[in-house]
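Analysis of the macromolecular model
Below, each chain spelled out in residue letters.
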Amino acid sequence: MPLLERLKFLLPSHRRLAPAAEASAQLSFLERSRLVAILIFVATVAAIVLISYVGVSTINLPVLAGQVATVRVNASDSFSFESQEQTRLTRERMIERVPPVYRLEMAPLQQFEAHLKELLAQLEKYEREFPPNTPSLTNRRQALAAIVDAFNVKGPYRVSLDDVALLLTAGDAKARAALIETGLAVLREIYSEGVQDQTLAASNEQGAVTVFQVVKADAEIGQRPVQSLEEANTFLRINLSAEGKSRELSIPLFRIFRNGITPNLVFDREASRKRESEAVKSLRPVKVTVDKGQTIIEPGVRVTPEQYEMLTEHRKFLSDSGTTALDEGLQLFGRILLVLAMVLACAVYIRLEDPETMQNNGRLALLALVVIINLALVRLTYSLLDLDFFVQRSSWASTLPYVAPTAFAPLIVVILIDAGSAIFMALFISIFTGVIFGNRLDLQVITFLASIVAIYGCRAVRRRSNVVRAATSGGLVVTVFAVLVGIVDQTPLGTLTKQMAAGLLTGVFTGVAVVGLLPVLEALFKRTTDITLLELTDFNHPLLRTMQMEAPGTYHHSLVVAQLAENAAAAIGANPLLARVCALFHDIGKTARPEFFTENQHAGANPHDFADPVQSARIIKNHVTDGLELARKHQLPQAVLDVIQQHHGTSLIRYFYLRAKNGDAATPQGTRPGSRQPFPPTTGADAVLEHEFRYEGPKPQFKESALIALADSVEAASRSLKQLTRESLGELIDSIYRERIDDGQLNDAPLTFAELAHVKESFCHTLLNMLHSRIAYPPAEERPLGVEAKA
């Protein structure tokens, strides 16, 4: 092999490995240093205090009239304002003291009088047609009944036939007319006084109402007593009896004339409004003075319109004067204590439930960053309350608590870390959201439940669309609970509709934002989601396509290792998808020089036959370095890079080590026909340095990496078995286990012996099913007729 080619193998690897080792040491320090963890803690507390305290005031909290207040608001300074609400209430009280104006309606009396005169005319005609000596009494009575019925249908009258018959006996037509005129005179007097119904009498405590009487062109208004229906009937009966008529005649007359008594007091709206306008002409706007420190809004009490107006005027006063609001409930010291308590509780929870996160500063930094970003978004939403649009439109301001994207951080944490940390994060964000928006307990509960629903939807997400769907489900929860809270607080329908729409749209946009930010956070914090892993299983990935074309043997080997590792990971509760993806890419470095690896060598010379064992070992080791370069170039996740670097650990390349140690050259000295000049073998066992034949490492650090390392060795070694049985496979796997354990290659892997037993069983089951033998069929010419070859 030419010298330049030898140098190409020798020199670059050293130049590449040194910076990589230095970077790895720095990264390890940043991830494990307790000093860095303390700095993260302090920075997180400081950032949360700044976000939740500086500039936060109760003065701009979205409070609506009729809702129960959650904070106390005191006046920062003395101020005065003209109260429209107090002026309105004073105007209403003045109008209530103005009695209503009525007018007398004479039309019912005139109508009754006309009907009575028609009745008299009909009775006179009746007497001419049926004189007293008429022999047919039946026809006579029927004709009279027809006259009575005709009279009753003309109005709400109930005159009886007997009463009209008695009226006929009072004398001739002239006498009857006199009686009728007497009764009408009484009715006119009653109507001129006025008759009221029971409703009007009940609404007038003094028993007197105001009557509008038209005397001239101008209206004269005065107060006078008005009779009720019962009083009018009594007056009618007494006056008819006083005319000196017999009881037998006065009673029928009363029953006839009482049909003409009806309430004739009609409300005069125009006159009443005129009186009201005259009464409030002297009204002046009510001026309210608020003293410094006076309580404007009391927590736990429903806000009245007067309090809401006072709060609005207080906001205008502060805006115009630049005075700082008094925030007794939001003092800095109390806020620091709250933040410290919550962050410490979070740290304790993580230490108990997820110690791996507590020991990894990268995860802690991720948690701190997403919390700070989420609270900053909540604070940004709160800051919108200072805009004139929201100051002047309280219904729109009330939607801002539902616009705050409180599920943002929990969704990222459940996808990048785990569900337990995400639930605690949801509680953390919800508490501070409620605090920022004025200690609103209802908002804390709503946002926490919405985040829980979103976390449940993303607990095992593998598609980006599912993230948006889960976030939208959280938005629906906000919408539903906004309705319930609105019903309790008696929120107007228009405002409630805006709050519902705000909650739902915020859920959708939160899901979209999380999907867009995930790739950035994955690259920044070296995290890998199942979404990304699933996308990497596409066999059309450029690296996999390159492996298929240039190193098909390595590609087939990777497929088998992926199947072995995936099944083993499922057997011990590791991440099967992560194991599969990492196994697919673990040998991509072999595509740089595929001919130097046995699985890609076909009929022909082996390049290692002409190479020095040390040089061959370096060529083999370089597939790790080349794989890392390719993985970084194609921006593969950190987990894949870790497996590429760890799947051989620091194991010994035993074949070339023994060749070098034994001084055994695969090819004799000299030049074969058509071959290159071979390297001379290394002589002398003392000249062999073992570290030159070991991989650079590190050893497998996590379960999936260890499984791939074992599967890689088991797959390669199983090809050498002459007979593939469960017993032979078991012995082979046990020997590989012993070799790896004795060499310390599994020292850093979190695997137990019980898990290794499950892995062995999984390996055996998978290989026996993948590499099963087939029946040997005779050639086609030797088969019986009609028998076909089976696949």
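Residues numbered from 1 in each chain as written. Predicted model: local features only at pLDDT ≥ 70, side-chain atom pairs only at ≥ 80, totals over all residues. Heavy atoms only, no water.

1. Topic: the overall build of the protein
Rules: Under the scheme used here, helices are H or I runs from DSSP no shorter than 4 residues and strands are E runs no shorter than 2 residues, and both carry numbers assigned from the N terminus. Note on classification: 1.4 Å probe, protein chains only; a residue is buried when its accessible area is under 20% of the maximum for its type, exposed when over 50%, partly exposed between these limits. With residues, only the protein chains shown are counted as cover, and all accessible areas are computed by Shrake-Rupley using a 1.4 Å probe.
In terms of helices and strands, the protein carries 33 helices and 10 strands. Split into buried and exposed, the 791 residues of the protein put 45% on the buried side. Carbon and sulfur atoms provide 57% of the accessible area of the protein, an area that totals close to 40,400 Å².

2. Focus on the pattern of salt bridges
Where we set the bar: Counted as salt bridges are all cases of a side-chain nitrogen of Lys or Arg within 4 Å of a carboxyl oxygen of Asp or Glu.
Under the defined criterion, the tally for this structure stands at 26 salt bridges. Residue E118 pairs with K154 through a salt bridge whose shortest N-O separation is 2.3 Å. Residue E118 is found in helix α4 (residues 107-129), and its partner K154 is found in the loop between α5 (137-152) and α6 (161-168); the two are separated by 36 residues along the sequence. Given the relative accessible area of 36%, E118 is considered partly exposed. In this structure, a network of salt bridges that share partners links the residues E113, K117, E181 and R188.

3. Thoughts on the packing of aromatic side chains
The line we're drawing: Any Phe, Tyr or Trp ring, taking Trp's six-membered ring, that has another such ring centre within 6.5 Å forms a pair; planes under 30 degrees apart are called stacked, those over 60 apart edge-to-face, and the others tilted. Only lysine NZ and arginine CZ atoms are considered, and such an atom sits over a ring when it is within 6 Å of the ring centre and within 35 degrees of the ring normal.
According to the stated counting rule, one finds 14 aromatic pairs in the structure shown. Look at F112 and F151: their rings are 6.5 Å apart centre to centre, the planes differ by 65°, and that puts the pair in the edge-to-face class. In this pair, F112 sits in helix α4 while F151 sits in helix α5, placing the two residues 39 residues apart along the sequence. When its relative accessible area of 0% is taken as the criterion, F112 is described as buried. A network of ring pairs unites the aromatic residues F112, F151, Y157 and F257 as a single cluster. The ring of F254 carries the charged tip of R237 above its face, separated from the ring centre by 5.4 Å.

4. What about a nonpolar patch on the surface?
Short version of the rule: What goes into a patch is any residue over 30% in relative accessible area without a salt bridge, connected to like charges within 9 Å or, for nonpolar side chains (Val, Leu, Ile, Met, Phe, Trp, Tyr), within 5 Å.
There is a patch of nonpolar side chains on the surface, built from L384, L387, F389 and W396 and spanning about 340 Å² of accessible area. Accessibility expressed as a relative area gives 30% for L384, which makes it partly exposed.

Note that all results are geometric; they support no functional claim without further evidence.
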